[in-house]
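Residues per chain, in single letters:
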Amino acid sequence: MCLSFDDATFDFFHHVYPLLLEKELPCVLAVPSGKISSKANSSPEERLQLLLNPSRDLPLNNESYCSWEEIQEMSQSPFIKIASHSHSHVRCDDTIKEFEEEIIHSKKIIESNIQKKIDSFVYPYGKFSPQMHKKIRNMRFDLLRFLISD
């Protein structure tokens, strides 16, 4: 069994990550590299509050997501596998214009920040075209590249 979690929001780090460690449950954490900042500037309470907007009509800001420091910490756990989730969380269908930025650059950013090879990709919104899937598959992401998310 393997769980997957999308978007690397701070509530994952604060609430879920400790439980996964305690129960020794493996998971994949899909990280949209463009949403992540180096370090959080707000308190945990303020960051969690940002995620409580029930209507979700306001976009999340970077403080709503895990920081690279937190993602790096989680990547050291044998139970957390970090996956790319594009750079800006876009649909990977025929409308994607910046393949290099969204897919290739995202992978490099994550690898640079956690000092580990990333070989998994999770499709934002579960949307992709056959052509895009072929391009991503040729990048040698492992079998988890087929994970559909959101």
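Every value quoted in this text rests on a predicted model; they were computed, and no experiment measured them.

**Q** Please explain the overall build of the protein chain as it appears in this structure.
**A** Of the regular secondary structure elements, the protein chain holds five helices and three strands. The linear arrangement of helices and strands in the protein chain, starting from the amino end, is β-α-β-α-α-β-α-α. Looking at the 150 residues of the protein chain, the share that counts as buried comes to 43%. Within the protein chain, counting contacts between residues at least 6 apart in sequence, those at least 24 apart form 73% of the total. With an accessible surface of roughly 8300 Å², the protein chain has 52% of that area assigned to carbon and sulfur atoms.

**Q** It is not clear to me how the pattern of salt bridges should be interpreted in this structure. Could you clarify?
**A** Between side chains of opposite charge, a pair can form as their charged atoms come close. Enumeration according to the criterion identifies four salt bridges in this entry. Residues Glu-22 and Lys-23 are paired through a salt bridge, measuring 3.6 Å at the closest nitrogen-oxygen approach. Neither Glu-22 nor Lys-23 differs from the other in exposure class; each is exposed. Note that Arg-47 is salt-bridged to Glu-70, the shortest N-O span being 2.8 Å. With a gap of 23 residues between them, Arg-47 in helix H2 (residues 44-50) and Glu-70 in helix H3 (residues 68-75) connect regions that are remote in the sequence. Across the pair, Glu-70 and Arg-47 agree in class, each one buried.

**Q** I tried to follow the environment of Val-16 on my own but got confused; where do I start?
**A** Looking at where Val-16 falls in the secondary structure, it is placed in helix H1 (residues 10-23). Along the sequence, Val-16 and Phe-5 sit 11 residues apart, while their C-alpha atoms lie 9.6 Å from each other. Apart from residues lying up to four places away in sequence, Val-16 is in contact with Phe-5 and Asp-11.

**Q** Help me understand the packing of aromatic side chains, please; the structure alone is not making it clear to me.
**A** How two aromatic rings sit relative to each other is given by the distance of their centres and the angle of their planes. In the structure shown here, the tally under the stated rule is five aromatic pairs. Centroid distance Phe-10 to Phe-13: 6.2 Å. Interplanar angle 35 degrees. Geometry classified as tilted. Of this pair, Phe-10 and Phe-13 both sit in helix H1, separated by three residues, roughly a single helical turn. For the pair formed by Phe-10 and Phe-13, the shared burial category is buried. On the basis of an interplanar angle of 25 degrees and a centroid distance of 4.3 Å, the ring pair of Tyr-123 and Phe-128 is categorised as stacked. Owing to a relative accessible area of 33%, Phe-128 belongs among the partly exposed residues under this scheme. Ring pairing ties together the aromatic residues Phe-10, Phe-13 and Tyr-17, which thus form one cluster.

Thresholds, definitions, all that
Residues numbered from 1 in each chain as written. Predicted model: local features only at pLDDT ≥ 70, side-chain atom pairs only at ≥ 80, totals over all residues. Heavy atoms only, no water. Helix = DSSP H or I, 4+ residues; strand = E, 2+ residues; numbered from the N terminus. Buried < 20%, exposed > 50% of the residue type's maximum accessible area, 1.4 Å probe, protein only. Contact = heavy atoms within 4.5 Å. Areas by Shrake-Rupley, 256 points an atom, 1.4 Å probe, with all protein chains shown as cover. Salt bridge = Lys/Arg side-chain N within 4 Å of Asp/Glu carboxyl O. Phe/Tyr/Trp six-rings, centres within 6.5 Å; stacked < 30°, edge-to-face > 60°.

By themselves, these are just geometric observations and shouldn't be taken as functional.
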